[in-house]
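Listed here are the chains, written in short residue letters.
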Amino acid sequence: MAKQKNTELNFLYLNDEENQKKKNTNKKNRKVKAKKTKSGADTKSASSKNDAFNFDNEIVIGVTIPKEEPNQNKKKNNVKNNKKNTNQKNVTPKKVSKTTTRTSSRNATKRNINKKTKEVEKASKKAIIIKGLIKWTILLLALGASIIMFMMSPLFNLSEVQVLNNEKLSSESIVSLSELNIGENIYKVTKRKLVNKIKQNAYVESVKVERKLPNRIAITIKERKTTFMLEYANSYVYINNQGYILEISEQKLECPIIMGYTTSEDNIKPGNRLNEEDLEKLSVVLKIVETANGNEIGNLITRINIADKQNYTLILESEKKIVYLGDASNLSNRIPHLKVILKEEAGVEGEIFINGDLNKQKVYFRKKE
């Protein structure tokens, strides 16, 4: 008979022969356990298992055998697996962290070495570049010094000054304006200063200076030409088509005289220009003369009065006639009418009126009585 802790029932063992065999085996196992001290723990576990009551090998009457639910087994297995996984997770990061720290330290050392090598290479390259720059600067300075010494040699001393394209001004006057001296080095001459000196003359519109190696200088002049005159006191003021005052002279030239200008006497000096109002009227005068020249009567105009810009007046002294052009608009029609009247009234002194609206008013001639 055997007793169980959780129940008060007595169990009847129906198979006595098997129980006797088990007892004998247990005795043998105990003897083996005494001999083998090293495997003591294993034999104890085995004997405990054998001493435990086995429901599969026994026949029990009047007792219901409790069975473990499968969910509980699953829960136990899951708990065991979770413990194993947690143990694995706790172990592997430690191993990985050690290897990663080693690799990161190696990579850091490699990076530091690479940085140092790059810095050394950059420093060496900079040193090479600086040495090259110093070398080339020294060579260039030496070359420049030798070139300057060669340019300052007597080979380039001025021996001749050529003046080209001058008509009104003489070559001697241009050379005197330039202040060039024979025998001076041509490279000591500053072109800009030379141009400014020559342009002090009002007739000079532009200047071009060239060095003709080894010892000559060429000066090319573009002159202003007198196109009109102003009456000023007992003399005449020469002006060009841009309104520049070129010269004041007592000599009368073969060009029209402009009357009625408003430029002050203080401003009447060579090199100056007419004021803005007179320059505006001068542009109209240029159109009148150009159209008259196109109709072959421009040479007949001796004076042009610009006092009233609404009524420009032409004086034709050889024809003894005065022409009123109005505001000088539509000149392409007015000047041909003037040409016809001059032909019809040739040699007759009088006045010609072309100052009205040609579409509404007629052009007519009024004879002087």
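A few points on the structure. (Residues numbered from 1 in each chain as written. Predicted model: local features only at pLDDT ≥ 70, side-chain atom pairs only at ≥ 80, totals over all residues. Heavy atoms only, no water.)

Observations regarding the overall build of the protein
Using the following cut-off: The helix and strand labels rest on DSSP assignments: H or I over at least four residues marks a helix, E over at least two residues marks a strand, and numbering proceeds from the N terminus. Exposure is judged per residue with a 1.4 Å probe applied to protein chains only, and the accessible area is read against the type maximum: over 50% gives exposed, under 20% gives buried, and values in between give partly exposed. Whether two residues are in contact is decided by their heavy atoms, any of which lying within 4.5 Å being enough. Per-residue accessibility takes into account occlusion by the displayed protein chains alone, with areas from the Shrake-Rupley method and a 1.4 Å probe.
The secondary structure content of the protein amounts to seven helices and twelve strands. Out of the 369 residues in the protein, the part that is buried amounts to 24%. When contacts within the protein are restricted to residue pairs at least 6 apart in sequence, those whose partners lie at least 24 apart make up 50%. Approximately 26,800 Å² of the protein is accessible, and the part contributed by carbon and sulfur atoms is 52%.

Considering the layout of surface pockets
Counted only if it meets this: Lining residues are those with an atom within 4 Å of a point, where the points come from a 1 Å grid over the protein atoms alone and group into cavities, where a 1.4 Å probe fits but cannot get out, or pockets, open sets with protein on both sides within 12 Å along at least five of seven lines. Grid points are joined across faces, edges and corners, and a volume is the space filled by probe spheres set on the points. Each residue gets one of three labels, nonpolar for Ala, Val, Leu, Ile, Met, Phe, Trp, Tyr, Cys and Pro, charged for Asp, Glu, Lys and Arg, and polar for the others, Gly among them.
Estimated volume of the second largest pocket: approximately 240 Å³. As for the second largest pocket, its lining consists of 13 residues, of which Glu254, Cys255, Pro256, Ile301 and Thr302 are closest to the centre. Residues of the lining of the second largest pocket, tallied by class, amount to six nonpolar, three polar and four charged.

A look at the sheet that holds strand β2 (residues 204-212)
What counts here: Any two strands with at least two DSSP-identified bridges between them are counted as paired. Each axis is a line fitted through C-alpha atoms, taken for helices only over the stretch in contact, and angles between the N-to-C directions span 0 to 180 degrees.
As summarised here, the arrangement of the three strands in space is β1-β3-β2, forming an open sheet in which the pairing is mixed. Here the strands that pair on one side only, and so sit at the sheet edges, are β1 (160-164) and β2. Averaged over all pairs of adjacent strands, the angle between strand axes in this sheet comes to 20°, irrespective of strand direction. The strands touched by helix α4 (residues 171-178) are β1, β2 and β3 (216-223); relative to β1, the strand with the most contacts, the crossing angle is about 120°. Contacts from helix α5 (residues 191-198) reach β2 and β3, with the element oriented near 145° to β2.

Concerning a positive patch on the surface
Quick reminder of the rule: A patch consists of residues whose relative accessible area exceeds 30% and which take part in no salt bridge; residues with like charges are grouped when within 9 Å of each other, and nonpolar side chains (Val, Leu, Ile, Met, Phe, Trp, Tyr) when within 5 Å. Here, a salt bridge means any Lys or Arg side-chain nitrogen found within 4 Å of an Asp or Glu carboxyl oxygen. Positive residues here are Lys and Arg, negative ones are Asp and Glu, while His and the chain termini are left out of the count. Charge positions come from single atoms, namely NZ of Lys, CZ of Arg, CG of Asp or CD of Glu.
The grouping of Lys118, Lys122, Lys125 and Lys126 at the surface amounts to a positive patch. Here lysine 125 is to be found in helix α3 (residues 70-151).

Some points on helix α6 (residues 276-294)
Stated precisely, the cut-off is as follows: Between the first and last residue of a helix there are one fewer steps than residues, each counted as 1.5 Å, and that sum is the expected span. When we speak of the arc, we mean the arc of directions from the helix axis to the C-beta atoms.
Its 19 residues give α6 an end-to-end C-alpha distance of 28 Å, which sits within 8% of 27 Å, the value for a rise of 1.5 Å per residue. Those residues of α6 that fall on the buried side of the exposure criterion are Asp278, Lys281, Leu282, Val285, Ile288, Val289 and Ala292. Across the axial projection of α6, the buried residues extend over an arc of 120°, all falling on one side. In α6, the exposed positions that point more than 90 degrees away from the buried face belong to Glu276, Glu280, Lys287, Glu290 and Gly294. Packing partners of the buried residues in α6 comprise β4 (228-232), β7 (257-259), β8 (303-305), β9 (313-316) and α7 (331-344). Count one or two residues on from α6 and you reach glutamate 296, which has phi positive near 65°.

A look at the pattern of salt bridges
This model, assessed by the stated rule, comprises nine salt bridges. Across the pair glutamate 231 and arginine 303 runs a salt bridge whose closest N-O atoms are separated by 2.8 Å. Taken together, the positions of glutamate 231 in strand β4 and arginine 303 in strand β8 put the pair 72 residues apart, joining distant regions of the chain. In this structure, lysine 368 and glutamate 349 form a salt bridge, with 3.4 Å as the shortest nitrogen-oxygen distance. Taken together, the residues span a long stretch of sequence, with lysine 368 in the segment after β12 (364-367) and glutamate 349 in the loop between α7 and β11 (350-353) at a distance of 19 residues.

Digging into the packing of aromatic side chains
The criterion, for reference: Stacked, edge-to-face and tilted labels apply to pairs of Phe, Tyr and Trp rings (six-membered ring for Trp) whose centres lie within 6.5 Å, assigned for plane angles under 30 degrees, over 60, and everything in between, in that order. Charge-over-ring placement is defined geometrically: NZ (Lys) or CZ (Arg) within 6 Å of the ring centre, and within 35 degrees of the ring normal.
Applying the stated rule across the entire model yields four aromatic pairs. Ring plane angle 70° and centroid distance 5.3 Å describe the contact between phenylalanine 156 and tyrosine 187, whose orientation is recorded as edge-to-face. A residue pair is termed long-range when its members are at least 10 positions apart, and phenylalanine 156 in the loop between α3 and β1 and tyrosine 187 in the loop between α4 and α5 qualify at 31 residues. For tyrosine 187, a relative accessible area of 25% corresponds to the partly exposed category. Plain terms: the ring middles of tyrosine 324 and phenylalanine 353 are 5.1 Å apart, the flat faces sit at 20° to each other, and that makes the pair stacked. One end of the pair, tyrosine 324, is in strand β10 (residues 321-324); the other, phenylalanine 353, is in strand β11, with 29 residues separating them in the sequence. Of the two residues, tyrosine 324 and phenylalanine 353, neither departs from the other in class, the shared state being buried. One aromatic cluster is present, built from ring pairs that chain together Phe150, Phe156 and Tyr187. Across from the ring centre of tyrosine 244, 4.0 Å away, lies the NZ or CZ of arginine 224, which sits over that ring. The ring centre of tyrosine 244 lies 4.8 Å from the NZ or CZ of arginine 273, which sits over that ring.

A short note on the pairing of β1
Here β1 shows a buried face lined by Val161 and Val163 and an unburied face lined by Glu160, Gln162 and Leu164. Bridging between β1 and β3 involves five bridges; their strand directions are parallel. Bridge assignment links glutamine 162 to a residue of β3, and that residue is alanine 218.

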